[in-house]
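# Overview (structure and organization)
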Amino acid sequence: MKILIVEDTPMNLELATDLLEAAGHMVLAATSAEAGFEIAKREQPDLILMDISLPGIDGLVATHLLKANDATRSIPVIALTAHAMQGDQQLAREAGCLAYLTKPFDTRTFVHFIETLLATSKTQPTP
């Protein structure tokens, strides 16, 4: 599967990329929401991992934009964030995120979590 990671922290981006590539996935990367949006339109990934705290446009606004665009509406988005306050998960879902994964994530279960969501999203109708 082709997975786009939108993450501005190099260490987090590298870790997620390494784990997903080791599992056989193709990984695309962006360090800003704006770059992620352009890559998503052009490359049509199977899934987007979206950091919420990004410079410029944040991940929630970026997810709203993705879901409002015909070319990217059907791409599932997973919020990948250090935000773990009450209500943050609900905000991510309202923005259009399929799921919410807090950082630091468990490297032992990360790929399984992503692959399970990918499989689930393929059986659900497009929003």
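Right above here is the structure, for reference.
Residues numbered from 1 in each chain as written. Predicted model: local features only at pLDDT ≥ 70, side-chain atom pairs only at ≥ 80, totals over all residues. Heavy atoms only, no water.

## Thoughts on the environment of A68
How we decide: Elements are defined by DSSP. Helices are runs of H or I of four residues or more, strands are runs of E of two residues or more, and each kind is numbered from the N terminus. Note on exposure labels: buried denotes an accessible area under 20% of the residue type's maximum, exposed denotes more than 50%, and partly exposed covers the range between, all computed with a 1.4 Å probe on protein chains only.
Mapped onto the secondary structure, A68 falls in helix α3 (residues 59-68). In this structure A68 comes out as exposed when scored by relative accessible area, which is 56%. Each C-alpha atom, one on A68 and one on L47, is 16 Å from the other, the two residues being 21 residues apart in sequence.

## Quick notes on the pattern of salt bridges
Cut-off, in case you're wondering: Salt bridge criterion: a side-chain nitrogen from Lys or Arg within 4 Å of a carboxyl oxygen from Asp or Glu.
Taken as a whole and judged by the stated rule, the model has 7 salt bridges. Its salt-bridge partner being E38, residue K41 comes within 3.3 Å of it at the nearest N-O pair. Here the residue K41 and the residue E38 both occupy positions in helix α2 (residues 33-43), the gap between them amounting to 3 residues, near one helical turn. Residue class for K41 comes out partly exposed when judged on its relative accessible area of 32%. Note that K103 and D51 form a salt bridge whose closest N and O atoms lie 3.2 Å from each other. Taken together, the residues span a long stretch of sequence, with K103 in the loop between β5 (99-102) and α5 (110-123) and D51 in strand β3 (residues 47-51) at a distance of 52 residues. Shared partners join several salt bridges into a network, and the residues in it are K2, R42 and E43.

## Some points on the nonpolar core
Put simply, the rule reads: Working definition of a nonpolar core: buried Ala, Val, Leu, Ile, Met, Phe, Trp, Tyr and Cys residues. They are joined through side-chain atoms within 4.5 Å. Every residue pair with non-hydrogen atoms within 4.5 Å of one another is taken to be in contact.
The biggest cluster of nonpolar side chains holds 20 residues, and the ones touching the most others in it are L4, V6, I48, M50 and L66. With 4 residues, α2 is the largest single contributor of residues to this core. Beyond its immediate chain neighbours, meaning those up to four positions away, L4 contacts L28, A29, A30, G36, I39, A40, P45, L47, I48 and L49.

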